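# What the coordinates show
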Amino acid sequence: DVARQSTKFLLKQLIMDNSLQGQGRAHMQRQRSQYEQQLMKAKQAANNARLRHEQQQRELIQRLRAEEGKVATLQKDMQLRDRQIAQFQEAASARLAGGAPGTATTAAAAAAGSGGRPSMMGQHMPPSSAMSRPTGQRMSTGHQGPIGGFVAQQEAMKDARHQAIVRRSLPMSSSHGTTT
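## Quick notes on the overall build of the protein chain
When helices and strands are tallied, the protein chain shows 6 helices and 0 strands. Seen in sequence order, the protein chain has helices and strands lined up from the N terminus as α-α-α-α-α-α. Within the protein chain, the proportion of its 180 residues that are buried is 14%. Relative to all contacts within the protein chain whose residues are 6 or more apart in sequence, the contacts with residues 24 or more apart total 71%. Of the roughly 14,300 Å² of accessible surface on the protein chain, 58% is carried by carbon and sulfur atoms.

So this is what it looks like as structure tokens:
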């Protein structure tokens, strides 16, 4: 009888231990699935953040390239305008010196052009642009950009032709230093 009660007690203990272990395993499995879900959510959040950062990086790179393109365009425009300004200044200095644009404006070149004698015409006569246009319109062509440079060149060439005509029509005494 004692052996039977002790066997019965041991079986009850075994069933209780087994039940407790089952509950422990079930609890562990629930915790494990919760951790797996949390891990999955964390991985998804990290992946979404990575994708957002990559997208932002691509957008910033595109914006940077667009800005670099704008800067390059503006630099080209500035170089073009600098060339136009230089051409205009050259034409203006040639006009003031009495020569055509692109020609040498030194005294030696002027002397060579008039048979070894320096020309005094530029000193005694205003530039033809001053004679042909009112003072307010002298330097302003009303054009800007590439067309303005072209117009300025055309006007400078026209002024140079006009001055050449004026020089040819003046008597020889005015080129010798005498004033009229």
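Additional details are given in the paragraphs that follow.
## Quick look at the confidence of the model for the protein chain
For the protein chain, the average pLDDT comes to 75, and 67% of its residues sit at 70 or higher. Looking across the protein chain, the model is least confident in helix H3 (residues 121–124), with a mean pLDDT of 41, and most confident in helix H1 (residues 2–97), with 92. Of the regions scoring below 50 in pLDDT, residues 101–143 engages in 53 contacts with residues more than four places distant in sequence or in other chains. In this model residues 173–180 is a low-confidence stretch, pLDDT under 50, and it forms 7 contacts with partners more than four residues away in sequence or in other chains.

## Here's the deal with H1
Here H1 is 96 residues long and its end C-alpha atoms lie 138 Å apart, about the 142 Å a rise of 1.5 Å per residue gives. Among the residues making up H1, those that are buried are Ala-49, Gln-84, Ala-91, Ala-92, Ala-94 and Arg-95. Just downstream of H1 lies Gly-98, where phi reads positive at about 95°.

## With respect to the pattern of salt bridges
For the structure shown, the criterion picks out 4 salt bridges. For Glu-67, the salt bridge goes to Lys-70, with nearest N and O atoms at 3.5 Å. Of the two residues, Glu-67 and Lys-70 both sit in helix H1, 3 residues apart, roughly one turn of that helix. Under the relative-accessibility criterion, Glu-67 is labelled partly exposed at 43%. Here Asp-159 and Arg-95 are joined by a salt bridge, their closest N and O atoms 3.1 Å apart. With Asp-159 in helix H5 (residues 145–169) and Arg-95 in helix H1, this residue pair connects regions lying 64 residues apart in the sequence. When sorted by exposure, Asp-159 lands in the same class as Arg-95, which is buried.

## Quick word on the environment of Phe-150
With respect to the element layout, Phe-150 can be found in helix H5. On the accessibility criterion, Phe-150 (48% relative accessible area) is partly exposed. The spacing of Phe-150 and Phe-88 is 62 residues in sequence and 9.5 Å in space, taken between C-alpha atoms.

Thresholds, definitions, all that
- Residues numbered from 1 in each chain as written.
- Predicted model: local features only at pLDDT ≥ 70, side-chain atom pairs only at ≥ 80, totals over all residues.
- Heavy atoms only, no water.
- Helix = DSSP H or I, 4+ residues; strand = E, 2+ residues; numbered from the N terminus.
- Buried < 20%, exposed > 50% of the residue type's maximum accessible area, 1.4 Å probe, protein only.
- Contact = heavy atoms within 4.5 Å.
- Areas by Shrake-Rupley, 256 points an atom, 1.4 Å probe, with all protein chains shown as cover.
- pLDDT = per-residue confidence, 0-100.
- Expected span 1.5 Å × (residues − 1).
- Salt bridge = Lys/Arg side-chain N within 4 Å of Asp/Glu carboxyl O.

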